[in-house]
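Structure at a glance
So the chains spell out like this:
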Amino acid sequence: MRNSRILGIGCCVPERVVTNDDLTEVMETSDEWIQQRTGIRERHYSGDGVGAADLGLIAAQQAMRAAGVEASDIDLIVFATLSPDVDMPASACLLQAKLGVAGVPAFDVRNQCSGFLYGLAIADKFIKTGTCSRVLMVGAEIHSTGIDLTTRGREVAVIFGDGAGAVVLGPAEPGEGILSTHLHAQGRFAEKLWIEAPGTRARPRLSEKMLEADDPPIFPKMEGRYVFRHAVTRFPEVIREALDANGLGVQDLSLLIPHQANLRISQLVASGLELPDDKVFNNIDRYGNTTAASIPLALYEAIQANRVKSGDLVCLAAFGAGFTWASALIRW
Ligand SMILES: CC(C)(COP(=O)(O)OP(=O)(O)OC[C@H]1O[C@@H](n2cnc3c(N)ncnc32)[C@H](O)[C@@H]1OP(=O)(O)O)[C@@H](O)C(=O)NCCC(=O)NCCS
């Protein structure tokens, strides 16, 4: 079976920059606390009326230009997001309409911070089996409309930002492209990081009582330290799994691009693997955690900074709500 490879990549962040100091105007926090605990200096927030598919469209158009393909060449659209434009239909369908194409399959993948890698694994399989030859894979999030921007929600709110990234995948030459993908989940930890409402368990799904509660279930809830401990275990595990599967070792890696959850997580993972700073790419300082968008956003910037070159071995790795975790090993 043939491998797939990334033919083009694009990204988009909204114009509005929200610094840590800006957040101190709406909640009790400080630039020092946020930088020390997370490495984040600023993030981007979208304007009113902008959905995940709107950011995804701009990223997708850039990726298609870079790949030299038209929207009409795309034969599958996969959209990873935990913040879809609407409950239904899929943001992938909304994006398809914005691209002005019809007929080709389009669906969402809702796997939070691992969403991009879950989507990439699916897209890769469609190319490997010969079912598709040009797949558009988008990761996009609008967090700013769904977080509790008060002191009550500060532990979660300061972390997240809006953004989108997209890649076009196509067939690769033997030995290059996506060498393997590795996906995992452990659902018994679902409540450690989740958004409970609106959900189908409640009748009605959304009520005034929920909105007026001391701790409204419409906002993300996270046991931060618990998530942190699992992340620093699962990241190295899944990175080593990808290397082992290909008969390679950490010393063969040219660049690790971890999902941007927290700079301290990335640093602990890198030091545990004995990877020097120049073999790990981080940009969380400027975007925060953009969930399904964080890996393509980081990969885009790594390529722009000439940190990814032909022949390089690049590992993408993620961990997030679910819990879910994943990796992809790419020969560039
Ligand atoms: C959330 C996280 C940054 C918190 O860092 P931490 O070092 O664990 O902080 P703690 O939980 O020990 O909180 C320390 C104190 O800071 C306070 N605090 C929390 N958020 C704050 C904020 N934004 N500003 C100021 N103080 C804050 C807490 O209330 C706590 O106060 P207390 O000691 O009086 O109770 C960290 O746990 C983390 O990054 N976890 C993983 C999150 C993640 O990656 N999520 C996405 C999944 S991929």
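The structure presented is a predicted model; accordingly, all values stated were derived computationally and were not measured. (Residues numbered from 1 in each chain as written. Predicted model: local features only at pLDDT ≥ 70, side-chain atom pairs only at ≥ 80, totals over all residues. Heavy atoms only, no water.)

Looking now at unusual backbone geometry. Between Arg203 and the following residue, Pro204, the backbone shows a cis peptide bond with an omega angle of 0°. With respect to the helices and strands, the residue Pro204 is situated in the loop between strand S9 (193-194) and helix H7 (208-212). The amide bond that connects Gly322 to the next residue, Phe323, takes the cis arrangement and shows omega of -15°. Within the secondary structure, Phe323 sits in the loop between strand S12 (313-320) and strand S13 (324-331). (Helix = DSSP H or I, 4+ residues; strand = E, 2+ residues; numbered from the N terminus.)

For the rest of this paragraph, the subject is the sheet that holds strand S8 (residues 177-185). The four strands are arranged S8-S13-S12-S11 in an open sheet whose pairing can be described as mixed. Looking at which strands have only one partner, the edges of the open sheet turn out to be S8 and strand S11 (255-258). For this sheet, the mean inter-axis angle between neighbouring strands, taken without regard to orientation, is 15°. Of the pairings in the sheet, the one linking S8 to S13 comprises eight bridges and is antiparallel in character. Counted as the bridge partner of His182 is Ser327 from S13. Seen against the sheet, helix H5 (residues 115-128) touches S8, S12 and S13 and runs at an angle of roughly 130° to S8. (Pairing = 2+ DSSP bridges. Axes fitted to C-alpha atoms, helices over the stretch in contact; angles between N-to-C directions. Contact = heavy atoms within 4.5 Å.)

Any link to function would need more than the numbers given here.
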